[in-house]
Structure formats: structure tokens, C-alpha cells
Amino acid sequence: MSIDVKNLNKKFGAFVAVNNVSFHVKTGSLTAILGPSGSGKSTLLRIISGLETADSGEIHLTGAESTYQSVKDRNVGFVFQHYALFKHMTVAENIAFGLNVRKRNREETRERVQELLHLVQLEGLDKRYPSQLSGGQKQRVALARALAPRPQVLLLDEPFGALDAKVRDELREWITHLHKETNVTTLFVTHDQHEALEIADRILVMNKGSIEQEGTALDIFDHPASHFVAQFVGETNYIEASLCEPELVCWGSFKFSVNGYKMGDKIRIYFRPNDVYVSPTPETLQVKGVITETRFRGPLIELTLDIGEDKFITALIPKGVALASGYKKGEEVFLGITAFHSFRV
Ligand code: ADP
Ligand code: MG
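Below or above, wherever it landed, is the structure these notes cover. (Residues numbered from 1 in each chain as written. Chains lettered and ligands numbered in written order. Predicted model: local features only at pLDDT ≥ 70, side-chain atom pairs only at ≥ 80, totals over all residues. Heavy atoms only, no water.)

This paragraph deals with the pairing of strand β19 (residues 312–318). Summarising burial for β19: five of the seven residues are buried, a large majority. Note: strand β18 (residues 300–306) against β19, seven bridges, orientation antiparallel. Looking at β19, one finds that D306 is bridged to F312. (Buried < 20%, exposed > 50% of the residue type's maximum accessible area, 1.4 Å probe, protein only. Helix = DSSP H or I, 4+ residues; strand = E, 2+ residues; numbered from the N terminus. Pairing = 2+ DSSP bridges.)

Now the structure itself:
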């Protein structure tokens, strides 16, 4: 089942929570809605699930007009961060809940519950109560419960949000695996860029109620469409400058070829810490910097560099290079920028 959202709008009083949002989610895909807290992700998902109504716009599931269908008719499963399990029911009863509501026969229900326990790797825990499970296990039961009636669309709202980092990592891997096995069209919401970049086929980046960019992880990381996306997804530095000649931004000895700007435009040049090239001796088109901080980041070393005019940037360089060059706090180095993106501000 595919999802088509067209010109969706939702206000709470005068506050615009969802601002003319349109997108398409392909059948069988795993799509992420990524955005900061308050950007309207949950509202959007709740509208798609039918728990909230839009002010205007349309939602089509499988091409059928579903905008005004009730939740039950939509054949949509959902899991929310705080969508708690029923405490007084066992794991098996929780999973069977959606099946009982739909009045399946007992044998069929029992078989389906076993199948799901196997799918979410919780075999043998069917008689436990939620209080006897870890946070990660509870969310897997919640997923099994959502999957039980064989929904054609699965909506997940920060399903791992409340769990600690290690468990989140495990569940991320597990959900990719689960998605491959079930192939249910899945739309999941997260504010965690690593989660989105790692597991989604496609990502919709949301800001202030609007979709700012849609694409694969690679598109969004390497070709940010707006300055919001450039600074929200991945680590980045920026400097503010303007044209010194037509199609050329100058900042010290840095020269950036750009197009589409007029003289006098305020331009921001964004570049990632791993696109900063550091050398101990000056080369052409480099600026001087002073190391003010060195930080250990596993295989990389992060340098904070004072490049003058009250501007500090970070550079990520391989540990071996940093050690061989003996970079340390207080030392003067020279930097180049190997890749950048520019936006008008
Ligand atoms: P996200 O999930 O991206 O954090 P939400 O969709 O939950 O964002 O909320 C977007 C904005 O809409 C927030 O500023 C929130 O306060 C507001 N909002 C959400 N639900 C309601 C509501 N029922 N009444 C009023 N404001 C709401
Ligand atoms: Mg939310």
C-alpha cells in the first residue's frame, strides 16, 4: 500500500503545525520523517493514522481516497513512544488484542501470536506481563501488536525515543531486518538524524510544519536543499560572507565559486568538519587557524580552530594524521575546504 499526502494543512489556533505538506511513500518502502522537536512530525503522523483531522488536504492509501476514513477502516498499524502496552494483559494477550477486536477464531489467533513472537524474537515470553520486560522488549511487543492484524501501512512515532542508546542501536538494526521480512510500507518519525540516515530508504526533512527536502540519506547529506537541512543533518561549520567579484565569495584567502547571487547578498558557506583539510605548513588558498581544542572521537580527532574574526570551526581528521603531525592546543595550522554548500540568508 502506498501513501499519498496532498496539500495537507493543520493549525492549532493561529499556530501552523502542518504547512501545505505533500509527499508520496512507495509501497514497501521504509521512509523517515526527520525534524527537530515541535516541527509537526507527530501531528502529521496522527493525521495519516486518522487520530487527528486535517484542516484541508488529502491522504490517499493505495490510491483509494482515505482522507475521511476512520482509523479502523484504514488497516494501519501504529506504535508511539508512549503507546503503552496493556499492563493487566500478558504479552500474548497484548499481541492478540487487535485480532480479538476483529473477532478472529481462537486457533487462528494463537497461531498468529506465535508467528509474531517468532518475528520479534520474543519466543517463550508470551505469558509474561509488561512489567516483567525490558524497555526494548516492550517496544518489540508493541510492534508485534501493531503488526498482528497484517496492516498494509505501519506508522511509528519515535518508537525508540524513550530507550537508552545501546538498546536503540540494537532496535534500529532489528527494525531494518523486520522491515525486510514483512515488507510493510513503513513511515517512521524521528528527531534523530543517525536513526533516519541509517535505516530509511527515503527521508523527508521537516521544519516548522513544512517538508524542506525529500531524498535518500546520501542526497540529503551531500546535497542539502536549504540552510536548515545543511545545519540540521550532519555536523557542519559555516562562515558568513558576500561576493567579492561576480560568482566568487572571498573569506580571507578562501575563495568559493558560486552562482545565483548578486553583489551585496548575505551568503552562508556551509562545510562539514570532515571537509576541512588541515596542514602544518601553508599551501595556496588556505587560511591560518589556531588550535584551541583537541577532542578524541574514536578513529578521528576533532580540532576546534580559531580562524580569526571571532570565528571558530571544527575539523575532523584521521587520528593517525593528527598524531603524525603532532597537532596540539595552541599550535598554528593552515586550512583548506574541500567541499561546501552555499545559501542566501
Ligand atoms: P513534533 O512531533 O515534531 O515534535 P508535534 O507535531 O507534536 O511536533 O507538534 C508541533 C507543534 O504543534 C508543537 O508546537 C505543539 O506544541 C503543537 N501542538 C501539537 N498538538 C497540539 C494540540 N493538540 N493543541 C495545540 N498545539 C498542539
Ligand atoms: Mg513528536
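Turning our eyes to something else, we now look at the environment of G215. With respect to the helices, strands and loops of the structure, G215 is situated in strand β10 (residues 210–215). Considered as a pair, G215 and I203 are 12 residues apart in the sequence and their alpha carbons are 5.5 Å apart.

So, on to the sheet that holds strand β15 (residues 267–271). Pairing is antiparallel in the open sheet, where three strands are placed in the order β11-β15-β21. Each end of this open sheet is capped by a strand with a single partner; those strands are β11 (237–241) and β21 (341–344). When the angles between neighbouring strand axes are averaged without regard to direction, this sheet yields 25 degrees. Looking at chain direction, β15 and β21 are connected through four bridges and run antiparallel. Within β21, the residue paired with R268 across the bridge is F343. (Axes fitted to C-alpha atoms, helices over the stretch in contact; angles between N-to-C directions.)

All right, on to unusual backbone geometry then. A positive phi angle, close to 45 degrees, is found at N7, a residue other than glycine. With respect to the helices and strands, the residue N7 is situated in strand β1 (residues 3–12). One non-glycine residue, N20, lies in positive phi territory at about 50 degrees. When you line up the elements, N20 lands in strand β2 (residues 15–25). Accessibility expressed as a relative area gives 44% for N20, which makes it partly exposed.

The subject of this paragraph is the state of the cysteines. Scanning all chains against the criterion turns up one disulfide. Here C244 connects covalently by a disulfide to C250, the sulfurs 1.8 Å from one another. Handedness here is read from the sign of the S-S torsion; for C244 and C250, about 45 degrees, the answer is right-handed. Residue class for C244 comes out partly exposed when judged on its relative accessible area of 35%. Note on C250: relative accessible area 22%, which makes it partly exposed. (Disulfide = S-S within 2.5 Å.)

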